Amino acid sequence: MSIKSFGRRTAKAATHQLSRLSRLGVFGFDPLEPLILAALVTEDPLLLIGPSGTGKTFLLNSLSEAMGLEHRHYNASLISFDDLVGFPYPDKDGAGVRFLQTPATVWGAKSVLIDEISRCKPEHQNRLFSLVCERRIQGVPLPDLIYRWAAMNPCSSDQGGADDYAGSEALDPALADRFALFIEAPDWSGLSEAERLLVAAPAGEGLVTKDGGALRRDVECWKSSFDAGVADCPDDVIRYVTTAVTALNSAGIRISPRRSRFMTRGLFAASVVTGQLSEGLCRLLLQSSLPQVCWGEKPPREAVAAAHRLAWDVVRDVAGSWLPAFLAEGALPRKLEILLDDCRSADQGTQAVAEFLAMSPPERAAAFAFAVYPAAASGKLPVGAEGVNDLGKRASPFLSASGLVSWAERLAEKDTDHPDLVRYAAALDGLTGGRAERAKQFFNGCLVRKCKVADPASLESEIQQCVEVLVRRGLA
Amino acid sequence: MNPSLDVVRCGRERPWVYANSGGPSSRQRTQTISSSILGKDDGFVRCPRIIRLGLLFDETEDPVTVLTGILVEEGYGGPEALRGGFGLPEGRLICRPRAMCHDRLVVRDAPRRRVLEQALMLGLCTDQVFDPARPVLWTRTSLTRAVELFDPRGFYA
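Residues numbered from 1 in each chain as written. Chains lettered and ligands numbered in written order. Predicted model: local features only at pLDDT ≥ 70, side-chain atom pairs only at ≥ 80, totals over all residues. Heavy atoms only, no water.

Visitor: Could you give an account of the sheet that holds strand β5 (residues 93-97) of chain B, naming the residues involved and the relevant values?
Guide: The strands that make up a sheet pair up through hydrogen bonds in the backbone, lying either parallel or antiparallel. Here we have five strands laid out as an open sheet, ordered β6-β4-β8-β5-β7 (chain B), and mixed in their pairing. A strand with exactly one partner marks an edge of an open sheet, and here the two such strands are β6 (105-106) and β7 (129-130) of chain B. Bridge analysis of β5(B) against strand β8 (residues 146-150) of chain B gives four bridges, and the strand direction is antiparallel. Counterpart to B:P97 in the pairing with β8(B) is B:V147. Taken strand by strand, helix α17 (residues 362-377) of chain A contacts β5 and β7 of chain B, and its axis lies near 115° from that of β5(B). (Pairing = 2+ DSSP bridges. Helix = DSSP H or I, 4+ residues; strand = E, 2+ residues; numbered from the N terminus. Contact = heavy atoms within 4.5 Å. Axes fitted to C-alpha atoms, helices over the stretch in contact; angles between N-to-C directions.)

Visitor: How would you summarise the interface of chain A and chain B if you had to cite specific residues and measurements?
Guide: Facing the 44 residues of chain A at the interface are 28 residues of chain B. Between chain A and chain B, roughly 3200 Å² of surface is buried when both sides are summed, and carbon and sulfur atoms account for 54% of that area. Three residues, A:W407, A:E437 and A:R438, lead the burial of chain A against chain B; their summed loss comes to 16% of the area buried on that side. If you look at where chain A meets chain B, you find three salt bridges. Two residues, B:K40 and A:E437, come together in a salt bridge whose shortest N-O distance is 3.0 Å. Counting every contact that joins chain A to chain B gives 25 residue pairs in polar contact (both at pLDDT 80 or more). Looking at the side of chain A that touches chain B, the elements that each hand over two or more residues are α17, α18 (385-399), β10 (400-408), α20 (433-449) and α21 (456-472) of chain A. In terms of residue count, β10(A) provides more of the side of chain A that touches chain B than any other element does, nine residues in total. Looking at the side of chain A that touches chain B residue by residue, the classes come out as 23 nonpolar, 14 polar and seven charged. One ladder, built from nine bridges, connects β10(A) with strand β3 (residues 28-36) of chain B; its direction is antiparallel. When the sheet's bridge partners are listed, A:A408 is paired in β3(B) with B:Q28. (Buried area = accessible area lost by both parts, 1.4 Å probe. Salt bridge = Lys/Arg side-chain N within 4 Å of Asp/Glu carboxyl O. Polar contact = N/O pair within 3.5 Å; in protein donor to acceptor, adjacent residues only side chain to side chain. Nonpolar A, V, L, I, M, F, W, Y, C, P; charged D, E, K, R; others polar.)

Visitor: Which residues make up the environment of A:L332, and what values do they have?
Guide: Residues and elements named next belong to chain A. For L332, the position within the fold is in helix α15 (residues 332-342). Judged by its relative accessible area of 1%, L332 is buried. Each C-alpha atom of the pair L332 and F368 lies 6.5 Å from the other, and the pair is 36 residues apart in sequence. The contact partners of L332, leaving out residues within four places of it in the chain, are F356, R364, A367, F368, L459, E462 and C466. (Buried < 20%, exposed > 50% of the residue type's maximum accessible area, 1.4 Å probe, protein only.)

Visitor: Please provide a residue-by-residue account of the packing of helix α10 (residues 235-250) of chain A against helix α11 (residues 257-274) of chain A, values included.
Guide: Residues and elements named next belong to chain A. Taken N-terminus to C-terminus, the directions of α10 and α11 make an angle of 140°; their axes are 9 Å apart at the nearest point. The orientation of α10 relative to α11 falls into the category oblique. Relative to α11, α10 is oriented so that their crossing is right-handed. Only S260, M263, T264, L267 and F268 of α11 make contact with α10, whose side of the interface consists of V237, I238, Y240, V241 and V245. (Parallel < 35°, antiparallel > 145°, perpendicular 65-115°, else oblique. Left-handed = near helix turned anticlockwise from the far one by under 90°.)

Visitor: Describe the sheet that holds strand β2 (residues 71-75) of chain A, and please don't skip the residues or the numbers.
Guide: Residues and elements named next belong to chain A. The strand order across the open sheet built from five strands is β2-β5-β8-β1-β9, with neighbouring strands paired in parallel fashion. Of all strands in the sheet, those bounded by a partner on one side alone are β2 and β9 (181-184). Ignoring strand direction, the axes of neighbouring strands in this sheet form an average angle of 20°. Two strands pair when backbone bridges link them, and strand β1 (residues 46-49) and strand β8 (residues 147-152) are joined in this way by four bridges, in the parallel orientation. The residue bridging L47 from the neighbouring strand is A150, located in β8. Across the sheet, helix α3 (residues 33-42) lies against β1, β8 and β9, angled at about 145° from β9, the strand it touches most.

Visitor: A description of a nonpolar patch on the surface should follow, citing residues and the corresponding values.
Guide: On the surface, A:F87, A:Y89 and A:L100 cluster together into a nonpolar patch covering about 320 Å² of accessible area. Along the chain, A:L100 turns up in strand β4 (residues 97-100). (Patch = residues over 30% accessible without salt bridge, like charges linked within 9 Å, V, L, I, M, F, W, Y side chains within 5 Å. Areas by Shrake-Rupley, 256 points an atom, 1.4 Å probe, with all protein chains shown as cover.)

Visitor: Please give an account of the side chain of A:E43 that cites residues and values.
Guide: Structurally, the position occupied by A:E43 is in the loop between α3 and β1. For A:E43, a relative accessible area of 18% gives the class buried.

Visitor: Any chance you could break down the confidence of the model for chain B for me, citing the residues and the numbers?
Guide: Residues and elements named next belong to chain B. Within chain B, residue pLDDT values average 85, and 83% of them lie at 70 or more. Counted against residues more than four places away or in other chains, residues 1-12, with its pLDDT under 50, gives 17 contacts. Interface scoring of the predicted complex returns ipTM 0.81; its pTM is 0.62. (pLDDT = per-residue confidence, 0-100.)

This is the structure in structure tokens:
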């Protein structure tokens with residue numbers, strides 16, 4: 001099924017979806033609206049992250065009111081487990097335990113908002129884990145529960161600046177990975193002038209959000225299309241996600257296989273909501289699917305942008321099929337072979353090299369540049385002048401290394417070597433001739449540049465295989 | 001003076017010890033690494049240095065104007081015309097910038113032929129590559145670079 005046919009089928013629903021959140025009295029989230037609505041369609045867990053007072057809680061509570069959901073709003077920093085499940089008491093026959101239900105217990109809820117999720121005790125975080133990912137509590141299923149939402153401030157840092165949230169701890173990566181989307185709420189500086197006026201106006205304070213059931217009807221309509229199509233998800237959606245995930249992982253930004261499925265579902269749902277699969281939508285989804293934000297990391301912007309460009313090129317099927325294959329290929333010698341066999345112009349080669357260098361971990365980019373730059377400088381590779389310069393800049397510090405390295409020596413030790421030098425020396429063991437000289441030089445460059453190599457022997461082997469490819473083809 | 005660094009006399013082998021100076025000596029070790037595969041003329045991998053280039057202009061002078069003036073005075077029609085007058089390396093070479101460079105050719109004093117030869121080769125260099133097939137480009141950046149050129153062909157030994 002193509003996304004275009006889905007677009008036509010859902011066009012009617014999409015025509016009146018603009019600024020839907022604004023109509024609920026929630027302002028400032030318009031650019032993120034397709035993803036927020038998509039989360040209502042997929043029913044996958046959603047996490048809002050942002051500074052205090054940016055409307056995260058208000059947004060989620062408003063959604064539940066507009067959807068007419070039986071809603072629970074818990075503050076994770078104050079929560080006790082009895083609040084969630086109720087007070088336990090034995091069955092009449094003494095064979096089991098029941099929970100005394102109150103209006104605050106989670107039983108029967110259709111939507112749950114766990115506010116300040118980053119401020120709760122670790123043991124509670126573990127209990128929330130099953131609520132978020134399994135819709136269970138204490139092992140008991142919650143059949144009515146549809147939506148699992150959470151909100152948190154950005155993680156505090158050790159530095160403790162003015163905008164630092166003391167007590168907002170990094171989320172456990174395993175829990176973070178159970179959330180499909182991470183919506184970063186815009187602060188004042190991210191609002192337009194019109195949005196600022198609307199946010200500042202006090203009208204509507206304290207009123208229950210009602211839209212006459214419009215949002216609920218639209219979500220039902222979108223969900224019907226989503227359910228009908230998700231088993232036969234459009235190729236473009238799957239290709240975008242798989243290419244982007246591969247590229248991000250290659251760049252050292254870990255995206256789990258589970259997340260790739262979340263992303264596919266989210267992107268398909270968002271395209272159903274908006275009626276099209278646009279580049280902006282894909283970029284938005286990719287930027288909002290990075291769990292690293294939950295533990296205070298910011299993945300390199302260039303690497304994310306390069307992954308998006310690559311994946312979008314795959315969807316548009318530009319530059320033939322070799323460039324995505326080149327970038328997605330993990331093994332350096334195979335990557336070189338793709339470049340040599342399939343690149344048809346120096347401009348394409350330059351683009352490929354630039355994107356590869358931007359999105360790869362430093363040691364792999366350096367290894368590739370080290371191995372191929374002399375051939376590229378000799379004009380033997382299908383890479384333009386800019387590409388050769390890019391390779392040269394990356395390779396130069398490894399072709400000639402000069403600098404001071406330092407390391408800490410334990411009190412019981414004496415006359416030690418740099419720990420990395422010891423590891424690299426082990427990888428050099430048994431190498432001879434030119435291979436040994438190249439490897440030694442490369443690892444000296446790694447030491448001086450403080451470029452960590454996790455598996456020196458494997459990377460050296462890839463460098464050597466690249467050399468062999470060039471020699472075999474008479475390009476050396 | 002910080003009293004913790006006061007010097008006290010001691011009757012042992014070292015006549016002076018610093019008392020209360022903060023525990024055992026630092027365990028931080030350092031080592032200098034200096035190695036290059038470029039410019040190597042022995043061993044298996046050989047990427048010999050072909051030439052060092054670098055011109056030194058007076059600070060007040062515009063390098064392009066100075067070189068263009070010399071070119072005209074020597075009777076050349078333009079930078080490209082220099083190709084016939086000098087033997088250039090045939091193939092492309094690795095070009096590496098020199099950070100610390102104290103042996104630039106002083107344009108004001110040096111023989112003009114040597115200046116023009118270096119200017120020709122600098123005009124054929126990018127940041128990372130010397131390419132005799134590219135047009136000779138004289139800009140302030142290209143003429144004030146200090147570089148070394150290496151033959152890359154021996155890298156794959």
